Amino acid sequence: MLTYRTARILAEKNFDSKIIKEICIVEKHIPVVVLTGGPCAGKTTGLCYLQEKLANLGFHVFTVPEAPTLLMSGGITPKENVLSLPDFQKSVFRLMRIMEDEFKQAAQGTSSGKSIIICDRGLMDTKAYAPDGLFETIASGESMSVTELRDGRYDAVFHLRTAALGAEEYYTLANNVARFESVEEARIVDEKTLQAWVGHPHLKIIDNATDFEGKMKRLLQGLCRVLGIPVPLEIERKFLIDPIDLEKMNILHQAIEIEQVYLISRNPDEEIRVRKRGQNGTFVYYQTMKRALRPSVRVEVEHRISEAEYEWSLRYRLPDTAMLRKRRFCFTFDNQYFELDVLEEPRKGLYLLEIELTEENERITIPPFINVVKEVTNDSSFSNCSLASHPLKR
């Protein structure tokens, strides 16, 4: 499938417009986001809150229900006399996948101008409740890779922290038939659930730093950013740091392979790139357009593309730039989601720490095991596009 932006690139290269029209298949993109978190995190209320607020903004909101609760409330439980834990998790996975696919198909058929699908948990949540190795076995049996499941199916993931972390007085088992965890067990499950999603390119942690109303407002604010209301702003901070090895330090993380190429654009203020991102030999592909509004704040529009589109786009690499290759280590600290980039080409050995924010004045806590050399948020020489420039051109 070729997108409008790729078709525009073809047009700029004087391809026949009839040919472009024939090969450009445009499918309505409907954002799919996951609302997840530990027990008693506020997901049910959050779903209702988002439905109401988004409906007021003109969205048709589709909500995919939580599969484990549906099964358990119907008598299918992970008990030896009913269903073994592995078989129960397989049932959860299959039901969740079927529901998501059906909702996506239904959403494509709606005549609504603006639609969104919100999933009450996503497929990666199964990993948090499954014994080691079981999730990978289930995914393999369904001919799906972890990279595709985590990064390829969902536009964004919002993790609501359990009330057992910072709002213990509000933790209760009374409002969910499938909930059975103690406060300590809830904390463990919450962290396992969060770690299952670490590595996703757009993961946001919503903690209990405010009252519950404030928690819901921060959730809505984060989702509005994904939807581009009023515009999709990318607010990030970037730091040059000393070399560090998270693996030797036993810091929980996901290591992602990334290569990206910058493309020719007609607009000098517009930056277009394509990116290949994945793990263990499986990849997903994106095309991103960015335009600066003011220092550290940019308009960003991103969408998935096919492998064929990615390979085709490489022909139109921006002159005097090289393919940028790096390893990205994703990890969490103090309810923050960090990305540590270790560059391999063409600037081998550079270590950059990034964090994406919802608000420009949002508080940041740098992990104590990281030594910051300097902040480079507004230093253009550390932008990815500049780093992709050939050394002799700098």
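The structure under discussion appears in the preceding block.
Numbering of residues starts from 1 in every chain and runs along the sequence as written. Totals for whole chains, interfaces and linings use all residues, but because this is a predicted model, local features are given only for residues with pLDDT of at least 70 and pairs of side-chain atoms are given and counted only at 80 or more. Values reported for side chains reflect all heavy atoms of the structure, with hydrogen atoms and water molecules removed beforehand.

**Examining helix α9 (residues 183-197)**
Secondary structure elements are defined from DSSP: runs of H or I of at least 4 residues count as helices, runs of E of at least 2 residues count as strands, and each element is numbered from the N terminus. Multiplying 1.5 Å by the residue count of a helix minus one yields the expected span of that helix. In this model α9 runs 22 Å from its N-terminal to its C-terminal C-alpha over 15 residues, within 8% of the 21 Å that 1.5 Å per residue would give. Relative accessibility under 20% of the residue-type maximum defines a buried residue, over 50% an exposed one, and the middle range a partly exposed one, all with a 1.4 Å probe and only protein chains included. Those residues of α9 that sit buried are A186, V189, D190, T193, L194, Q195, A196 and W197.

**Points about unusual backbone geometry**
Following E345, the chain continues to P346 via a peptide bond in cis, the omega torsion being -10 degrees. Tracing the backbone shows P346 in the loop between β12 (336-345) and β13 (351-357). At S143, a residue that is not glycine, the phi angle is positive and equals roughly 60 degrees. Tracing the backbone through its elements, the reader meets S143 in the loop between α7 (134-141) and α8 (146-152). The class for S143 is exposed, based on a relative accessible area of 71%. The backbone of D320 shows a phi angle near 65 degrees, a positive value even though the residue is not glycine. If you trace the backbone, D320 turns up in the loop between α11 (307-313) and β11 (324-333).

**Let's talk about the packing of aromatic side chains**
Aromatic pairs are defined between Phe, Tyr and Trp rings, using the six-membered ring for Trp, whenever the two ring centres lie within 6.5 Å; interplanar angles under 30 degrees are classed as stacked, those over 60 as edge-to-face, and all others as tilted. Enumeration according to the criterion identifies six aromatic pairs in this entry. Their ring planes at 45 degrees and their centres at 5.2 Å tell us that Y285 and Y310 sit as a pair that is tilted. In this pair, Y285 is assigned in strand β9 (residues 282-294) and Y310 in helix α11, connecting sequence segments 25 residues apart. As far as the burial class goes, Y285 and Y310 line up, both buried. Considering the side-chain rings of F331 and F369, the 6.1 Å spacing of their centres and the 50 degrees angle between planes classify their relative orientation as tilted. Residue F331 is found in strand β11, and its partner F369 is found in the loop between β13 and β14 (372-375); the two are separated by 38 residues along the sequence. Accessibility expressed as a relative area gives 0% for F331, which makes it buried. Three or more aromatic residues joined by ring pairs form one cluster here, namely F331, F333, F338 and F369. Sitting above the plane of the F283 ring, K276 keeps its charged end 4.4 Å from the centroid. Consider the ring centre and the ring normal. A charge sits over the ring if Lys NZ or Arg CZ is within 6 Å of that centre and within 35 degrees of that normal.

Function-wise, these values are silent; they only describe arrangement.
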